[in-house]
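Summary of the model geometry
Chain by chain, the residues:
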Amino acid sequence: GVGLPTYPTTGDSWMDPRPLQGGNVKLDQTTHRLQDGCFFPEKQAKDLLVLHFTSGYGAASSISGWNAVKNGVSTPYILDLDGTLYETYDPSLWSYHLGIPGSDSGNHKHDKRSIGLEIANIGPLKKIGNDLLCWPKNFTQRYCSASDKGSFVQKSYRGFDYYAAFTEAQKKAIPEAVKMICDK
């Protein structure tokens, strides 16, 4: 098999610095398929992979939301909390996933040329007292305690200072999933 690279870390990086062994990511192409209207059935050449996080509780809730709205916003891949990689539609097709509005989108050229990979994660958190609250219900739902150091990352970005951490299974699966998608 092809040897996979060692991923360097810097300080408090979430990436495991050990070489990957390969074969650990499970690709499921049947469980969470998107319905028509959630993506555009036009094949496009791909040369870019973009990683996102869902701002939700898991793959099933994201798929359910995308299927309910059917506005063309989705990604062909979603990495669930347990490290399972779901293919939601043929990645040679495209969807809106970059959030570039109107004329700035250049007719959505970057959406069309890229593959989106969502990582299931609740996203930004707000600290109130010793609790970190998550966004559903306007940051009134408790996610964890500020003393639960493995449950969150403290970094300032886009107006928030705390974010939910990826699960251990996701941390191990992300580099391999990226390689798997790029090798397709």
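Cut-off values and rules
Residues numbered from 1 in each chain as written. Predicted model: local features only at pLDDT ≥ 70, side-chain atom pairs only at ≥ 80, totals over all residues. Heavy atoms only, no water. Helix = DSSP H or I, 4+ residues; strand = E, 2+ residues; numbered from the N terminus. Expected span 1.5 Å × (residues − 1). Bend = angle between axes of the 7 residues up to and from the residue. Core = buried A, V, L, I, M, F, W, Y, C linked by side-chain atoms within 4.5 Å. Buried < 20%, exposed > 50% of the residue type's maximum accessible area, 1.4 Å probe, protein only. Contact = heavy atoms within 4.5 Å. Pairing = 2+ DSSP bridges. Axes fitted to C-alpha atoms, helices over the stretch in contact; angles between N-to-C directions.

1. Considerations on helix α4 (residues 168-183)
With 16 residues, α4 should cover 22 Å at 1.5 Å per step; its first-to-last C-alpha distance of 24 Å lies within 8% of that length. Bending of α4 peaks at approximately 35 degrees at the position of I174, with proline P175 no more than four residues after it.

2. Re the nonpolar core
Ranked by internal contacts, the top residues of the largest apolar core, which has 13 residues, are Y77, L79, L85, L117 and I181. Looking at this core, the elements with two or more residues in it are β3 (77-79), β5 (114-119) and α4. Leaving out residues up to four positions away in the same chain, L79 has contacts with T84, L85, L117, E118, I119, A120, Q170, A173 and I174.

3. Details of the sheet that holds strand β8 (residues 141-145)
Pairing in this open sheet of five strands is antiparallel, and the strands run β8-β7-β6-β10-β9 from one edge to the other. In the strand order of this sheet, the two ends are held by β8 and β9 (152-157), each with one partner. Each strand axis lies, on average, 45 degrees off the axis of its neighbour in the sheet, ignoring direction. Bridge count between strand β7 (residues 131-134) and β8: four bridges; the pairing is antiparallel. Bridge pairing links D131 to S145 in β8.

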